[in-house]
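Here is what each chain is made of, one letter per residue.
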Amino acid sequence: MNYNKEDRAVLFDSFVHTLEELSQIIVKLTEAEKAKADAASAGEHGKMDSFLKEEQALLLKLRGLEQLRVRQATDLGWEKLTFRQILASAGEAEHSVLFPLFSEMEQLLKNLTDAEESSNRIISVRLREFEHILGANSQTSFPEANSSSHFHDRYV
């Protein structure tokens, strides 16, 4: 779409604002992942539900902002372009605004990925511990079908 300079400037400003909002959501998601990992590590399992609900709300907001970003990029003529391709096709003024935003987002996404991997690892360890505990309890409480039962020996 061809827009005059003022319309394009408004679209571009909206696009930049959306990127800034995306960055804020990514920071909040990273904090939620770290809090979830800390709670799991400390054995504070009761807190997990609130972290998961917060995470779901943030993910919904993230999806909405991402859809908006895609529409805005399309309106700016950057449909289906990666951030690097956008930088390559942007004018000098737009490039100078976008480059620091894209660099920041790249670092924030790396931080989120690292926090998520750490959280998943800790939760996985906790789940294995629970499975082990439950397995140990079930083995002592409920004998296998083919094993001899002390109950049967005693009363039959």
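Thresholds, definitions, all that
Residues numbered from 1 in each chain as written. Predicted model: local features only at pLDDT ≥ 70, side-chain atom pairs only at ≥ 80, totals over all residues. Heavy atoms only, no water. Helix = DSSP H or I, 4+ residues; strand = E, 2+ residues; numbered from the N terminus. Buried < 20%, exposed > 50% of the residue type's maximum accessible area, 1.4 Å probe, protein only. Contact = heavy atoms within 4.5 Å. Areas by Shrake-Rupley, 256 points an atom, 1.4 Å probe, with all protein chains shown as cover. Polar contact = N/O pair within 3.5 Å; in protein donor to acceptor, adjacent residues only side chain to side chain. 1 Å grid on protein atoms, 1.4 Å probe; cavity = no way out; pocket = protein on both sides within 12 Å on 5 of 7 lines; lining within 4 Å. Points joined across faces, edges and corners; volume = space filled by probe spheres on them. Nonpolar A, V, L, I, M, F, W, Y, C, P; charged D, E, K, R; others polar. pLDDT = per-residue confidence, 0-100. Salt bridge = Lys/Arg side-chain N within 4 Å of Asp/Glu carboxyl O.

## What to know about the overall build of the protein
If you tally the helices and strands in the protein, you get 5 helices and 0 strands. For the protein, with 156 residues in total, the buried portion stands at 26%. For the protein, contacts bridging at least 24 residues in sequence account for 73% of all contacts bridging at least 6. With an accessible surface of roughly 10900 Å², the protein has 55% of that area assigned to carbon and sulfur atoms.

## Here we look at the environment of Arg 84
Inspection of the secondary structure puts Arg 84 in helix α3 (residues 83–89). Residue Arg 84 is classed as exposed on the basis of its relative accessible area, which comes to 63%. Of the polar contacts made by the side chain of Arg 84, one reaches the side chain of Glu 106; its length is 3.5 Å.

## Remarks on the layout of surface pockets
Each pocket or cavity is described by its volume, and for the largest pocket that value is around 180 Å³. Lining the largest pocket, in full, are Thr 82, Phe 83, Arg 84, Leu 87, Phe 99, Phe 102, Ser 103, Met 105, Glu 106 and Leu 109. Looking at the lining of the largest pocket, the elements that each hand over two or more residues are α3 and α4 (92–141). With 6 residues, α4 is the largest single contributor of residues to the lining of the largest pocket. The residue makeup of the lining of the largest pocket, split by class, is 6 nonpolar, 2 polar and 2 charged.

## Description of the environment of Glu 94
Mapped onto the fold, Glu 94 is located in helix α4. Note on Glu 94: relative accessible area 15%, which makes it buried. The spacing of Glu 94 and Ala 9 is 85 residues in sequence and 9.4 Å in space, taken between C-alpha atoms.

## Re the confidence of the model for the protein
For the protein, per-residue confidence averages 86 on the pLDDT scale, and 86% of positions sit at 70 or higher. Confidence over residues 145–156 falls short of pLDDT 50; this stretch has 0 contacts with residues more than four positions distant or in other chains.

## Quick word on the pattern of salt bridges
Counted according to the given criterion, the structure contains 9 salt bridges. The salt bridge partner of Lys 53 is Asp 49, with a shortest N-O separation of 3.3 Å. Of the two residues, Lys 53 and Asp 49 are both situated in helix α2 (residues 48–75); the distance of 4 residues between them amounts to about one turn of the helix. For Asp 49, a relative accessible area of 44% corresponds to the partly exposed category. Within this structure, Glu 33, Lys 36 and Glu 55 form a network of salt bridges that share partners.

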